[in-house]
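# Remarks on the overall topology
Residue-level listing of the chains:
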Amino acid sequence: MSEAATTTEQPQSGAPMLGDHLAMDLLNTEARADGQPVEFWSNDQDLLHWLARYGISQTATVAPADLLPQAKALRALAHQLISQFRAGQPIDYRPLNPYLQAYSTVPYLEQDAEGTLTLSRHCTAEGTGALLGPVAEAVAQLLVEGNAALVKQCEHPDCILWFYDRTKAHKRRWCSMALCGNRHKAAQFRKRSGG
Ligand SMILES: [Zn+2]
């Protein structure tokens, strides 16, 4: 019997994918539960798993040594830039450029089974630059093309999750109706019924 096979560790459920924008989901890899901070990137495997959910992967099985610290630095930077963007303040964007420049891509023409030509871009970078490049680009795209008024944080006081409000009426208030929307409704009901 191998002892290594036994583990009591619960596999951590991944970070929420409800931001409706990769840049928002990046910020949501840090959350809060019962007033305590929750870190969804505890180790390399957490981070590689998170990236893979967005179609970003590498062929190597081991993460580059600088991946996790670089990812956390990018997340902290994104937090600062997106907060400035949302508040209409000057955006100190320069530190984002090294992440973008490390993500080298080339145009690539190919033909699908029906013979239709498509032009896409293929990544020529490797390692950390290739893995964090698409995430940095999503942040850059938000700052360039996004509407600051649609960058929102969940209105529930115990929740810090971010989302990009793509609803037609732009009235989205909650990270998720099932989570915070219902928590809010239950609290309102308790208030009304005097409980
Ligand atoms: Zn929420």
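The rules we used
- Residues numbered from 1 in each chain as written.
- Predicted model: local features only at pLDDT ≥ 70, side-chain atom pairs only at ≥ 80, totals over all residues.
- Helix = DSSP H or I, 4+ residues; strand = E, 2+ residues; numbered from the N terminus.
- Buried ≥ 20, exposed ≤ 12 C-beta atoms within 10 Å, placed from the backbone.
- Contact = placed C-beta atoms within 7 Å.
- Pairing = 2+ DSSP bridges.
- Expected span 1.5 Å × (residues − 1).
- Bend = angle between axes of the 7 residues up to and from the residue.
- pLDDT = per-residue confidence, 0-100.
- Core = buried A, V, L, I, M, F, W, Y, C linked by C-beta atoms within 7 Å.

## Observations regarding the overall build of the chain
Regarding its fold elements, the chain presents six helices and six strands. Along the three orthogonal principal directions, the C-alpha set of the chain runs to about 65 × 60 × 40 Å. When the 195 residues of the chain are sorted by exposure, 20% land in the buried category. Partitioning the intrachain contacts of the chain with sequence separation of at least 6 by distance along the chain shows that 56% fall at a separation of at least 24.

## Comments concerning the pairing of strand β3 (residues 105–111)
The element β3 is largely exposed, with a buried count of zero among its seven residues. Inspection of the sheet shows β3 paired to strand β4 (residues 117–123) by seven bridges, in the antiparallel sense. Bridge assignment links Val-106 to a residue of β4, and that residue is His-122. Connecting the antiparallel pair β3 and β4 is a turn made up of five residues, with Gly-115 showing a positive phi of about 90°.

## Overview of helix α5 (residues 127–145)
Relative to the 27 Å expected for 19 residues at 1.5 Å per residue, α5 spans 28 Å between its end C-alpha atoms, a close match to the ideal helical length. Helix geometry: α5 is bent most strongly at Gly-133, by close to 40°, with proline Pro-134 lying one to four residues after it. Those residues of α5 that sit buried are Thr-128, Gly-129, Leu-131, Leu-132, Gly-133, Val-135, Ala-136, Val-139 and Leu-142. On its buried side, α5 packs onto α1 (22–27), α2 (44–53), α3 (67–87), α4 (97–101) and β4.

## Examining unusual backbone geometry
Backbone geometry at Asp-20 places phi at a positive 60°, although glycine is not the residue there. Turning to its location among the elements, Asp-20 is positioned in the segment before α1. In this model, His-170 sits at a positive phi of 55°, which is unusual for a non-glycine residue. Classification of His-170 as exposed rests on a count of 11 C-beta atoms within 10 Å.

## So, the confidence of the model for the chain
On average, residues of the chain score 90 in pLDDT, and 93% of them reach the 70 mark or higher. Every residue in residues 1–11 is under pLDDT 50, and counting partners more than four places away or in other chains gives zero contacts.

## Some remarks on the nonpolar core
In this structure, Ala-23, Leu-74, Ala-78, Ile-82, Leu-132, Ala-136 and Val-139 are the most contacted members of the largest nonpolar core, which totals 31 residues. When contributions to this core are tallied by element, the ones reaching two or more residues are α1, α2, α3, α5 and β6 (162–164). Among the elements that line this core, the one with the most residues is α3, at seven residues. Once residues within four sequence positions are removed from consideration, Ile-82 is found in contact with Ala-23, Leu-27, Leu-142 and Val-151.

## Some details on the environment of Arg-75
Within the secondary structure, Arg-75 sits in helix α3. Judged by the 19 C-beta atoms lying within 10 Å of it, Arg-75 falls in the partly exposed class. Here the alpha-carbon distance between Arg-75 and Asp-165, two residues 90 residues apart in the chain, equals 20 Å. Ignoring anything within four residues of it in the chain, the contact list for Arg-75 reads Leu-26, Leu-27 and Thr-29.

## Some remarks on helix α6 (residues 177–192)
Of all the 16 residues making up α6, zero are buried; the element is thus mostly uncovered. Gly-194 sits one or two residues past α6 and shows a positive phi near 70°.

## Some remarks on the pairing of strand β1 (residues 30–33)
Residues in a regular strand project their side chains so that they alternate between the two faces of the sheet. Strand direction decides the pairing type here: β1 and strand β2 (residues 36–39), joined by four bridges, are antiparallel. Across the sheet, residue Glu-30 finds its bridge partner in β2, namely Glu-39. In this antiparallel pair of consecutive strands, β1 and β2, the connection spans two residues, and Asp-34 shows a positive phi of 50°.

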